[in-house]
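Residue-level listing of the chains:
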Amino acid sequence: MTKVDVQANLQAIKDTLPEHVTLVAVSKYHPNEQLLAAYEAGQRVFGESHEQELSKKHDTLPADIQWHFIGHLQTNKVKYIAPYITMIDAVDSVKLLKEINKQALKNNRVIDVLLELHIAQEATKYGFTLEACREYLASGEWRELNNVRICGLMMMASNTDDEQQIAREFSEAATFFDEVKTTYFADDDAFCQRSWGMSDDYPIAVKCQSTMVRVGTAIFGPRVY
Ligand SMILES: *Cc1c(COP(=O)(O)O)cnc(C)c1O
């Protein structure tokens, strides 16, 4: 097997990203030594999508890593990551948002979150439809959740080679972000993140106003499941 040059991959990606775009290095299924290679090159923001794997890495890797939970999070797992998680990127239900608030309160902290939108064609993707997201925000219930801070929106485009479709989906998310920002978060500087773009589509995402790309394979190579 050819060895993956994590540091070279990372640098090549960073060279193409505008300065205002945060790179989340998606390290799921990759061993600590790969993460450390990225860490030594200055990377501090890492994304994981399984609680046990994340907690193990959190316990054994440098303390100044900022961990993002990027996958579907079961409510019964929130308590394990609540003490240390930097951001929960894929809040896909009101139930999950409330549980994060509850566990954040227990830990005497405020947890940053993104609301996940379901825009892609696939039936399997999690997230709020635009209509469900509108409805929930209009309810105002989220204003009572003092231990979560909604920092923006996250979504995944359809898994397709059709770049125009991907761009359409990102643009739809960007337009929706503007609507939500204007309607509910105009005075809230923390609501500023548009998290879209992965290894195959992050250049398109950046053109469609992404502020946070989540890139795994293009940094660490293919995952071995
Ligand atoms: C795994 C994953 C990524 C990274 O995917 P790559 O194609 O390896 O870049 C990004 N976002 C989410 C939500 C993921 O689960």
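You'll find the structure just up there.
This is a predicted model, so every value here is computed, not measured. (Residues numbered from 1 in each chain as written. Predicted model: local features only at pLDDT ≥ 70, side-chain atom pairs only at ≥ 80, totals over all residues. Heavy atoms only, no water.)

Engineer: In this structure, what is going on with the overall build of the protein chain? I would like to understand it.
Structural biologist: For the protein chain, the helix and strand inventory stands at nine helices and eight strands. Computed over C-alpha atoms, the radius of gyration of the protein chain comes to 17 Å, within 12% of the 17 Å expected from 2.2 N^0.38 for 225 residues, which places it in the range of a compact globule. Burial status across the protein chain gives 51% buried among its 225 residues. For the protein chain, the accessible area works out to roughly 11,200 Å², and carbon and sulfur atoms hold 48% of it. (Helix = DSSP H or I, 4+ residues; strand = E, 2+ residues; numbered from the N terminus. Rg over C-alpha atoms; globule rule 2.2 N^0.38 Å. Buried < 20%, exposed > 50% of the residue type's maximum accessible area, 1.4 Å probe, protein only. Areas by Shrake-Rupley, 256 points an atom, 1.4 Å probe, with all protein chains shown as cover.)

Engineer: Explain the packing of aromatic side chains to me, please; I cannot follow it from the model alone.
Structural biologist: The geometry of an aromatic ring pair is captured by two quantities: the separation of the ring centres and the angle between the planes. Under the criterion given, the structure shown has seven aromatic pairs. With a centroid separation of 5.9 Å and 45° between ring planes, the pair formed by Phe46 and Trp67 is classed as tilted. One end of the pair, Phe46, is in strand β2 (residues 45–48); the other, Trp67, is in strand β3 (residues 66–69), and 21 residues separate them in sequence. The pair formed by Phe46 and Trp67 is uniform in burial state, with each residue classed as buried. Each ring, one from Phe185 and one from Phe191, has its centre 4.0 Å from the other, and the planes form 5°; the classification is stacked. (Phe/Tyr/Trp six-rings, centres within 6.5 Å; stacked < 30°, edge-to-face > 60°.)

Engineer: Help me out: how do you make sense of the side chain of Asp89 in this one?
Structural biologist: Tracing the sequence through the fold places Asp89 in strand β4 (residues 87–91). Look at Asp89: it is buried, it has no salt bridge, and the nearest opposite charge is Arg214 at 5.6 Å. A polar contact of 3.0 Å, which involves the side chain of Asp89, links it to the side chain of His68. Each residue touching Asp89, except ones within four places of it in the same chain, is listed here: His68, Phe69, Ile70, Leu114, Met154, Met212 and Arg214. (Lys, Arg positive; Asp, Glu negative; His and termini not counted. Salt bridge = Lys/Arg side-chain N within 4 Å of Asp/Glu carboxyl O. Polar contact = N/O pair within 3.5 Å; in protein donor to acceptor, adjacent residues only side chain to side chain. Contact = heavy atoms within 4.5 Å.)

Engineer: I tried to follow the site of the ligand on my own but got confused; where do I start?
Structural biologist: Taken together, Val26, Lys28, Ile70, Met154, Met156, Met198, Ser199, Arg214, Val215, Gly216, Thr217 and Arg223 form the complete shell of residues around the ligand. One nitrogen or oxygen atom from the side chain of Ser199 is found 2.5 Å from an oxygen atom belonging to the ligand. Thr217 is positioned such that a nitrogen or oxygen atom in its side chain is 2.6 Å from an oxygen atom of the ligand. Summarising the interface, the protein chains cover 89% of the accessible area of the ligand, which totals 390 Å² for the free molecule. More than half of the atoms belonging to the ligand lie within 2 Å of the grid points that define the largest pocket. Residues belonging to the shell around the ligand are distributed by class as follows: six nonpolar, three polar and three charged. (Near = heavy atom within 4 Å. 1 Å grid on protein atoms, 1.4 Å probe; cavity = no way out; pocket = protein on both sides within 12 Å on 5 of 7 lines; lining within 4 Å. Sits in = over half its atoms within 2 Å of the grid points. Nonpolar A, V, L, I, M, F, W, Y, C, P; charged D, E, K, R; others polar.)

Engineer: What exactly am I supposed to notice about the pairing of β3 here?
Structural biologist: Where a strand is regular, its side chains alternate between the two sheet faces. As paired strands, β2 and β3 are joined by four bridges and run parallel to one another. Bridge pairing in β3 places Val45 opposite Gln66. Taken together, the two bridges between β3 and β4 define a ladder with parallel strand orientation. Among the inter-strand pairings, Phe69 is bridged to a residue of β4, identified as Ile88. (Pairing = 2+ DSSP bridges.)

Engineer: Could you clarify how one ought to interpret the pattern of salt bridges in this entry?
Structural biologist: Here the structure, examined in full by the defined rule, presents seven salt bridges. A salt bridge links Lys57 to Glu53, with the shortest nitrogen-to-oxygen separation between them at 2.7 Å. Linking Lys57 with Glu53, this pair stays in helix α3 (residues 51–60), spanning four residues, or about one helical turn. The closest approach of N and O atoms between Arg134 and Glu179, which form a salt bridge, is 2.7 Å. Highlighted residues: Arg134 in helix α6 (residues 130–139) and Glu179 in helix α7 (residues 163–184), separated in sequence by 45 residues. For Glu179, a relative accessible area of 31% translates into the label partly exposed.

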